[in-house]
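Secondary and tertiary structure notes
One-letter residues, chain by chain:
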Amino acid sequence: MMENIFKPKSSDLGDAAKELLAEQIIEWDLLASGNKSLKSIKVKKFEFEGFDIKVQFNPGRMVSTAAKVDPKSIKERKCFLCPQNLPPAQKGILYQEKYIVLCNPFPIFPEHFTIPGLEHKPQVIKGAFPALIDISKDLSKYYTVFYNGPKCGASAPDHFHFQAGDKNFMPIDGEYENLKSKFGQPVYAGGDITITAIDDTLRKMISFESADKAALAAALDKFYDKYKEIAAVEAEPMLNILAFYGEKGWRILFLLREKHRPSHYFREGEDQILLSPASVDLGGVCITPLEKDFNKITKENLIEIFSEVFISREKLDEIKKETAKLF
Ligand SMILES: [Zn+2]
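Reading the values: rules and limits
- Residues numbered from 1 in each chain as written.
- Predicted model: local features only at pLDDT ≥ 70, side-chain atom pairs only at ≥ 80, totals over all residues.
- Heavy atoms only, no water.
- 1 Å grid on protein atoms, 1.4 Å probe; cavity = no way out; pocket = protein on both sides within 12 Å on 5 of 7 lines; lining within 4 Å.
- Points joined across faces, edges and corners; volume = space filled by probe spheres on them.
- Helix = DSSP H or I, 4+ residues; strand = E, 2+ residues; numbered from the N terminus.
- Axes fitted to C-alpha atoms, helices over the stretch in contact; angles between N-to-C directions.
- Parallel < 35°, antiparallel > 145°, perpendicular 65-115°, else oblique.
- Left-handed = near helix turned anticlockwise from the far one by under 90°.
- Contact = heavy atoms within 4.5 Å.
- Nonpolar A, V, L, I, M, F, W, Y, C, P; charged D, E, K, R; others polar.
- Expected span 1.5 Å × (residues − 1).
- Buried < 20%, exposed > 50% of the residue type's maximum accessible area, 1.4 Å probe, protein only.
- Arc of directions from axis to C-beta.
- Polar contact = N/O pair within 3.5 Å; in protein donor to acceptor, adjacent residues only side chain to side chain.
- Pairing = 2+ DSSP bridges.
- Donors = N, O, S within 2.8 Å, 3.2 Å for Na, K, Ca; no water.
- Tetrahedral: all angles 85-135°; square planar, octahedral: opposite > 155°, others 65-115°.

1. Considering the layout of surface pockets
- The volume enclosed by the largest pocket comes to roughly 720 Å³.
- Contributing to the lining of the largest pocket are 41 residues, with Arg61, Ser64, Phe80, Phe106 and Ser155 lying nearest its centre.
- Those elements that provide at least two residues to the lining of the largest pocket are helix 3 (62-65), strand 4 (99-103), strand 5 (112-116), strand 6 (143-148), strand 7 (161-166) and helix 9 (279-282).
- Each pocket or cavity is described by its volume, and for the second largest pocket that value is around 340 Å³.

Shown next as structure tokens:
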């Protein structure tokens, strides 16, 4: 694995990631072609009341959209995030001696990174909130960090990882303040933390805003436990997380899910739309790896898909109430 370690010149992790990407585009063929394929993507935009949802035709993402994530398929493939399985040409930046920042060879963002732990451990965010808080700050010069739950779009549910991509590429990064004032329902506002529930008609979310790392980590932990209890699941409750660090500190946004893939994914013939929503889709850039889906998808389809994969308004109300009691 040591031969896969990249030694950046910059001490800022964001700048270091940029250095890594510049080098990997030259040195690693798979990344070079993935990066090149981004030039042929197509984008269209749907306007909703207070926010936009884009659709991106990106054939390079088929491998992820159609990823088989059932236990048997996972067991039978070689884990592509384990350090010992990285191709020799793939380099990464060691982070906190626990993670490695890698370039994603099947990008959605112009600059897209995958940040796996060094150990082969399942995708579970519990216990990793301090790491999410640290890395979202350390990459914040250019990037937003995100996490896909094991049943919510992670294509390696068996190997813990975060991802990162260009700040403000997902419309929600820039729309958040508006969404909060238009659709936000205050849950808690203390000295060091503000918690808001947001139902923007399409998405059900809970946000945590804070400039205090310890208070934030403790709050995320408490919320996670309560959400898990309400969801009544053994494993991780269904969620995606967007972690943004800016002038006011952190903003951690939980996207609360009911379902992994919408019914459209499993339909046949003309009715099928191959869209498997994860953080980026729900942040406002929906990926269709097939051009025919890109061409035919409508605003109504997006409304249906989002309403299927998010929890209900009633569930959000319950979570809001229960969360308020914790603080
Ligand atoms: Zn692994």
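Here the narrative resumes.
2. Quick look at the packing of helix 7 (residues 213-231) against helix 12 (residues 313-326)
- Running from N to C, helix 7 and helix 12 cross one another at 135°; their axes reach a closest spacing of 10 Å. Here helix 7 lies oblique to helix 12, going by the angle between them. Classified by chirality, the crossing of helix 12 by helix 7 is right-handed. Contacts from Lys222, Phe223, Lys226, Tyr227 and Ile230 of helix 7 reach helix 12 at Lys315, Glu318, Ile319, Glu322, Thr323 and Leu326.
- Tallied by class, the residues present in the contact of helix 7 with helix 12 amount to 5 nonpolar, 1 polar and 5 charged.

3. What about the packing of helix 1 (residues 13-27) against helix 2 (residues 29-37)?
- Contact pair helix 1 / helix 2: the axes reach a minimum separation of 6 Å and the direction vectors enclose 105°. When the axes of helix 1 and helix 2 are compared, the pair comes out roughly perpendicular. For the pair formed by helix 1 and helix 2, the contact residues are Leu21, Gln24, Ile25 and Glu27 on the first element and Asp29, Leu31, Ala32 and Asn35 on the second.
- Broken down by class, the residue content of the contact of helix 1 with helix 2 amounts to 4 nonpolar, 2 polar and 2 charged.

4. Focus on the side chain of Asp281
- Tracing the backbone through its elements, the reader meets Asp281 in helix 9.
- Sequence-distant contacts of Asp281, that is, excluding residues within four places in its chain, are made with Leu275, Ser276, Cys286, Ile287 and Phe306.

5. Thoughts on helix 1
- Spanning 15 residues, helix 1 covers 20 Å between terminal C-alpha atoms, matching the ideal 21 Å at 1.5 Å per step.
- Residues Leu13, Gly14, Ala16, Ala17, Leu20, Leu21 and Gln24 constitute the buried set of helix 1. Buried residues of helix 1, viewed axially, fall in a sector of 150°; they line one side.
- One side-chain oxygen at the N-terminal end of helix 1 lies 2.9 Å from the backbone nitrogen of Gly14; it belongs to Asp12.

6. Topic: the pairing of strand 12 (residues 249-256)
- Taking burial as the measure, the 8 residues of strand 12 include 8 buried ones, the bulk of the element.
- Pairing between strand 10 (residues 204-210) and strand 12: 6 bridges, direction antiparallel. Residue pairing for strand 12: Met205 is matched across the bridge by Leu255.
- Pairing of strand 11 (residues 239-246) with strand 12 involves 8 bridges; the strand directions are antiparallel. Each residue of the ladder has a partner; that of Leu239, found in strand 12, is Leu256.

7. Looking at the coordination of the zinc ion
- Of the protein atoms, only Cys79 (SG), Cys82 (SG), His120 (ND1) and His159 (ND1) coordinate the zinc ion, at distances of 2.1 to 2.3 Å.
- What the 4 donor atoms of the zinc ion show is an angle range of 99 to 121° at the metal, which sorts the shape as tetrahedral.
- Counting residues between consecutive donors of the zinc ion along the chain gives the motif C-x2-C-x37-H-x38-H. Residue Cys79 is found in the loop between helix 4 (71-76) and strand 3 (92-95), and its partner His120 is found in the loop between strand 5 and helix 5 (129-138); the two are separated by 41 residues along the sequence.
- Cys79 gets classed as buried once you look at its relative accessible area, which sits at 7%.

8. Here we look at the sheet that holds strand 2 (residues 51-57)
- Spatial ordering of the open sheet is given by 1-2-13, a layout of 3 strands whose pairing is mixed. Both edges of this open sheet fall to strand 1 (42-48) and strand 13 (285-288), since each of them pairs with a single strand only. When strand polarity is set aside, the average angle formed by the axes of neighbouring strands in this sheet is 20°.
- Pairing between strand 2 and strand 13: 4 bridges, direction parallel. Each residue of the ladder has a partner; that of Val55, found in strand 13, is Cys286.
- In the packing of helix 6 (residues 171-183) onto the sheet, the strands contacted are strand 2 and strand 13, and the crossing angle to strand 2 comes to about 165°.
- Helix 11 (residues 299-309) contacts strand 1, strand 2 and strand 13 of the sheet and is inclined by roughly 75° relative to strand 1.

Function cannot be read off these values alone, since they describe shape.
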